[in-house]
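This is what each chain is made of:
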Protein chains: 2
Amino acid sequence: MTTAFPVLLGAYATTATAHQTAGETTATAAETTATAGEILGRCRELVRPALAETVGRLHPWVGEMAAYSFGWCDVGGTPAEGAGGKGVRQALAVLCAEAAGASGEAAVAGAVAVELVHTFSLLHDDIMDGDQTRRTRPTVWKAYGTGPAVLAGDALFALAVEALAAVPGAGAAAAVRRLSVALGDLVRGQADDLLFESRPWTGATAVGPEEYRRMAEHKTGALLGCAAALGAALAGAPESTAAALDRAGRHMGVAFQVADDLLGIWGDPAVTGKPVHRDLRQRKKTFPVLAALSARGPGASAAGQLATLLEESPDTPDDATTRRAADLIEQAGGRSAALAEADRHIAAVERCLDGLPLKPRASAELRTLLGFLARRDI
Amino acid sequence: MTTAFPVLLGAYATTATAHQTAGETTATAAETTATAGEILGRCRELVRPALAETVGRLHPWVGEMAAYSFGWCDVGGTPAEGAGGKGVRQALAVLCAEAAGASGEAAVAGAVAVELVHTFSLLHDDIMDGDQTRRTRPTVWKAYGTGPAVLAGDALFALAVEALAAVPGAGAAAAVRRLSVALGDLVRGQADDLLFESRPWTGATAVGPEEYRRMAEHKTGALLGCAAALGAALAGAPESTAAALDRAGRHMGVAFQVADDLLGIWGDPAVTGKPVHRDLRQRKKTFPVLAALSARGPGASAAGQLATLLEESPDTPDDATTRRAADLIEQAGGRSAALAEADRHIAAVERCLDGLPLKPRASAELRTLLGFLARRDI
């Protein structure tokens, strides 16, 4: 099978316009003509009744916070639509069940569990990061208070475990084990990400690209991998297939994170909806910066200047400083290193998928979805 | 089997001195002479290596916060001892495994899981309640910050699920299912408890004693019941035994909570270490108050005066007001209703245990522990 991802990602990242939307993304495989938007929509439709039923079991107050964070209602409980996530994780679970030869229905409990865990992690991460808006609305802690948001996250977490543990048959324990490993990694990644903030740009205790890679795999990749593996495992796929899909999801997480880092520096504000050089304004330790700082050889001089600039710039650097930093990152090779890093992980996803006994149509849809993921905000 | 609990609780609660310590509590059964303190200590010793090994798997920073909340170290990680909990839940798991005829070792994974969940819930509850000290030390959010404390709680939660899901054999799924039900109830109880604060003392939306009972069962009883049931189930006891022990733990939770409410109003500060009329100063909606407010017949007049006093008193009532409130609660029958309520749940514990095929020695130790629980802070 030919791979279209590296080329697409390269084209996107170097032009940094990314005008493509979910609706326009199409698979190159002849087996399917569904766009990523159509695939995501179909999977959301399939999972929504079970997800709504599961969330409906919550304490009414907690249930309202959960529904708000899914974009199903406003503060106060008035039904609303349109502010929810795309449901990438539930789609991965459904597609991997179909790719393993079962109906997508087989993955629904797993899809519900990963969406609940994802929403729990957004809820708690927004508290930890102090983020006040998400998807153009106030975050849950901002709208309902910190204590209630902690509680709502806990409730979603508990519900995710309950949903998986209730799977009939012998698969429940293995499914819960898989989720618990992802949960542990999620927490580990978030811990590292929080600690990165207070670490220096240079010296023995600086964050290196390899550490960043591990953080991204844990924070973003573990749950994507878990979603894919759970879908296949619940469909009766052998452990080797589930394990390969888990690895694929983890690589996808790193590729997505690095692509998002590229957007965070060079993304077109007209497309991303975020200010230019956003991550540099926030002094975030992203992959392109870390790769630039660790440059040897021809990039070393620019790396040294970048280090000085970052160490001496204030907490909220001005436009001239962030522009200069972006230029130095590029000169030190940080941008090309990030592009190569993303391509490497996308190639690794391909290697994980190649040779697996997957159904052609679902496999093609899976690749459409993965291609879409490497280019846009999850 | 004769029951010593109602008598003991009555004696304690009416004199409200509770001078008995864990070390002095002895079982009446001839099969054991171990005190509650000795029983708790033995179970802590048995579980500690596995608990320490499990916590040791955490991210080092998160692991330090976990160790701090277990009382194993100070802020910064310097080893310390003595600030930990008594380990009631792990002891319940161990004793119920022994009561079911197995070695306490069989319950260790369950004991680890319930201690982790208990510690997670303390950590997050302290954030929600804004409590600044626990066991004479700063709470985790106070010592490490709110965001890190949210993360540490999440990590303990994930670890609890992982510990149980890793149990070998067919019991893992059922064990995780049981824990997830308790987790859901825990969150439900905490949600109700938080919402009680903003509800009125009287009228159609006032909190009634029955609502309080359900809150206490969820918030305190569910995890005690889960601990007991997990211990038995992991020891191979039939589901009917585990279910009966679960019910026993839930009744025990309500009895404990109501006994704690009695202490919160009439407890001797020299014994409790907390100010007199503590719960009345904080305007907490505890069982004696709610029972008094719902009094009919002879207590109705005092109930009416109490309602007026509570509705008109400021957020931080003075000593004269809290003294008057305590008197009115007693006159309206709130104190005797609470004593009767605790006795009723302790009798229900007895009924759950009676007739179960439990080993005499462990069963006697279990009753020693339960008798101890009805009198002291968990």
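Residues numbered from 1 in each chain as written. Chains lettered and ligands numbered in written order. Predicted model: local features only at pLDDT ≥ 70, side-chain atom pairs only at ≥ 80, totals over all residues. Heavy atoms only, no water.

Looking at an unreviewed UniProt entry, chain A carries the name Polyprenyl synthetase, with the source organism given as Streptomyces violaceusniger. The record in UniProt for chain A states the following under Sequence similarities (unreviewed entry): "Belongs to the FPP/GGPP synthase family." (UniProt positions renumbered as here; feature names shortened; annotations may be inferred.)

It is worth spelling out the interface of chain B and chain A at this point. Bring the parts together and some accessible area is lost; that lost area is often taken as the interface size. Taken together, the contacts link 35 residues of chain B with 35 residues of chain A. Ranking the residues of chain B by area buried against chain A places His59(B), Leu151(B) and Val187(B) at the top, with a combined share of 17%. Summed over the shared surface of chain B and chain A, the number is zero salt bridges. Looking at the side of chain B that touches chain A, the elements that each hand over two or more residues are α3 (60-69), α5 (108-129), α7 (146-165) and α8 (171-196) of chain B. The dominant element in the side of chain B that touches chain A, judged by the number of residues it contributes, is α8(B), at 14 residues. In terms of residue class, the side of chain B that touches chain A is built from 22 nonpolar, seven polar and six charged. (Contact = heavy atoms within 4.5 Å. Buried area = accessible area lost by both parts, 1.4 Å probe. Salt bridge = Lys/Arg side-chain N within 4 Å of Asp/Glu carboxyl O. Helix = DSSP H or I, 4+ residues; strand = E, 2+ residues; numbered from the N terminus. Nonpolar A, V, L, I, M, F, W, Y, C, P; charged D, E, K, R; others polar.)

All names here are of chain B. One way to put it is that α8 packs onto helix α9 (residues 209-234) with a least axis distance of 8 Å and a crossing angle of 155 degrees. What the angle tells us is that α8 and α9 run roughly antiparallel. Once α8 is placed against α9, the crossing between them reads as left-handed. Contact with α8, carried on its side by Ala175, Arg178, Leu179, Ala182, Asp185, Leu186, Arg188, Gly189, Gln190, Asp192, Asp193 and Phe196, involves Glu211, Tyr212, Met215, His218, Lys219, Ala222, Leu223, Cys226, Ala229 and Leu230 of α9 and no other residues of that element. Of the residues assigned to the contact of α8 with α9, the class counts are 12 nonpolar, three polar and seven charged. (Axes fitted to C-alpha atoms, helices over the stretch in contact; angles between N-to-C directions. Parallel < 35°, antiparallel > 145°, perpendicular 65-115°, else oblique. Left-handed = near helix turned anticlockwise from the far one by under 90°.)

This part is about the packing of helix α2 (residues 36-55) of chain B against helix α17 (residues 360-373) of chain B. All names here are of chain B. Packing of α2 against α17 leaves a shortest axis separation of 9 Å and a crossing angle of 110 degrees. Between α2 and α17, the interaxial angle falls into the category roughly perpendicular. Crossing handedness for the pair α2 and α17: left-handed. Residues Ala36, Ile39, Leu40 and Arg42 of α2 form the contact with α17, whose own contacting residues are Glu365, Thr368, Leu369 and Phe372. Per-class residue counts for the contact of α2 with α17 are five nonpolar, one polar and two charged.

This part takes up unusual backbone geometry. Backbone geometry follows two general trends: most residues other than glycine have a negative phi, and most peptide bonds adopt the trans configuration. Residue and element names in this part refer to chain B. Despite not being glycine, histidine 277 has its phi angle at roughly 55 degrees, a positive value. Under the relative-accessibility criterion, histidine 277 is labelled buried at 11%. A positive phi angle, near 55 degrees, is found at arginine 283, a position not held by glycine. Inspection of the secondary structure assignment puts arginine 283 in the loop between α12 (278-281) and α13 (287-293). (Buried < 20%, exposed > 50% of the residue type's maximum accessible area, 1.4 Å probe, protein only.)

Turning chain B through 180 degrees and shifting it by 0.0 Å along the axis lays it on chain A, with an RMSD of 0.0 Å. One copy is carried onto the other by what is essentially a two-fold rotation axis. When C-alpha positions in chain B are compared against the rotation axis, the closest is assigned to Ala173(B), at 2.3 Å. Both copies present the same face, since 100% of the interface residues in chain B are matched by interface residues at the equivalent positions in chain A. (Least-squares fit on C-alpha atoms with pLDDT ≥ 70 in both.)

Glancing now at α9(B). All names here are of chain B. Taking 1.5 Å of rise per residue, the 26 residues of α9 would be expected to cover 38 Å, and the 35 Å separating its terminal C-alpha atoms lies within 8% of that figure. The principal kink in α9, of about 50 degrees, is found at glycine 221. Of all the 26 residues making up α9, 19 are buried; the element is thus mostly covered by neighbouring parts of the structure. Of the residues one or two after α9, glycine 236 is the one with positive phi, at around 90 degrees. (Expected span 1.5 Å × (residues − 1). Bend = angle between axes of the 7 residues up to and from the residue.)

Any region with low pLDDT has predicted coordinates that should not be read closely. Of all residues in chain A, 90% attain a pLDDT of 70 or more, and the chain-wide mean is 89. Overall, residues 1-30 of chain A carries pLDDT values under 50, and its contacts beyond four positions in sequence, including any with other chains, amount to 60 contacts. (pLDDT = per-residue confidence, 0-100.)

Bringing the environment of Leu230(B) into the picture now. Mapped onto the elements, Leu230(B) comes out in helix α9. Look at Leu230(B) and you get buried, because its relative accessible area is 0%.

The next subject is the environment of Gln305(B). Residues and elements named next belong to chain B. As for its placement among the helices and strands, glutamine 305 is situated in helix α14 (residues 300-312). Through-space distance from the C-alpha of glutamine 305 to that of leucine 293 is 9.2 Å; in sequence the pair is 12 residues apart. When near neighbours in sequence (up to four residues on either side) are disregarded, glutamine 305 contacts Arg324 and Leu328.

Position of Glu312(A) relative to the elements: it lies in helix α14 (residues 300-312). As a C-alpha pair, Glu312(A) and Leu356(A) span 44 residues in sequence and 51 Å in three-dimensional space.

This structure, assessed with the given rule, holds 48 salt bridges over all chains. Across the pair Glu365(B) and Arg42(B) runs a salt bridge, and its minimum N-O distance is 2.8 Å. Pair noted here: Glu365(B) is in helix α17 and Arg42(B) is in helix α2, with a separation of 323 residues, a long-range link. Overall, the relative accessible area of 35% leaves Arg42(B) in the partly exposed class. Here Glu350(B) and Arg367(B) are joined by a salt bridge, their closest N and O atoms 2.5 Å apart. You can see Glu350(B) sitting in helix α16 (residues 334-353) and its partner Arg367(B) sitting in helix α17, a full 17 residues away along the chain. You'll find Glu350(B) and Arg367(B) in the same group, each marked buried. Each member of the salt-bridge network shares a partner with another, and the members are Arg178(A), Asp185(A), Arg188(A), Glu217(A), Glu239(A), Asp246(A) and Arg250(A).

Pairs of aromatic rings are described using the distance from one ring centre to the other and the angle between the two planes. What the rule picks out here adds up to nine aromatic pairs over all chains. Centre to centre, the rings of Tyr68(A) and Tyr144(A) are 5.6 Å apart; their planes meet at 75 degrees, and the pair counts as edge-to-face. On the criterion of sequence distance, the pair formed by Tyr68(A) in helix α3 (residues 60-69) and Tyr144(A) in helix α6 (residues 140-144) is long-range, its members being 76 residues apart. In this structure, Tyr68(A) and Tyr144(A) share a single accessibility class: buried. Geometrically, the ring pair formed by Phe70(A) and Trp72(A) is stacked, given 4.8 Å between the ring centres and 20 degrees between the ring planes. Of the residues examined, Trp72(A) reaches a relative accessible area of 15% and is grouped as buried. Ring pairs connect the aromatic residues Phe120(A), Phe157(A), Phe120(B) and Phe157(B), which therefore count as one cluster. (Phe/Tyr/Trp six-rings, centres within 6.5 Å; stacked < 30°, edge-to-face > 60°.)

Bringing the nonpolar core into the picture now. One recurring pattern in soluble globular proteins is that nonpolar side chains are buried together. Counting 193 residues, the largest nonpolar core has Leu116(A), Val62(B) and Leu116(B) as the members making the most contacts within it. Sequence-distant contacts of Leu116(B), that is, excluding residues within four places in its chain, are made with Leu51(B), Thr54(B), Val55(B), Phe70(B), Leu156(B), Leu159(B) and Ala160(B). (Core = buried A, V, L, I, M, F, W, Y, C linked by side-chain atoms within 4.5 Å.)

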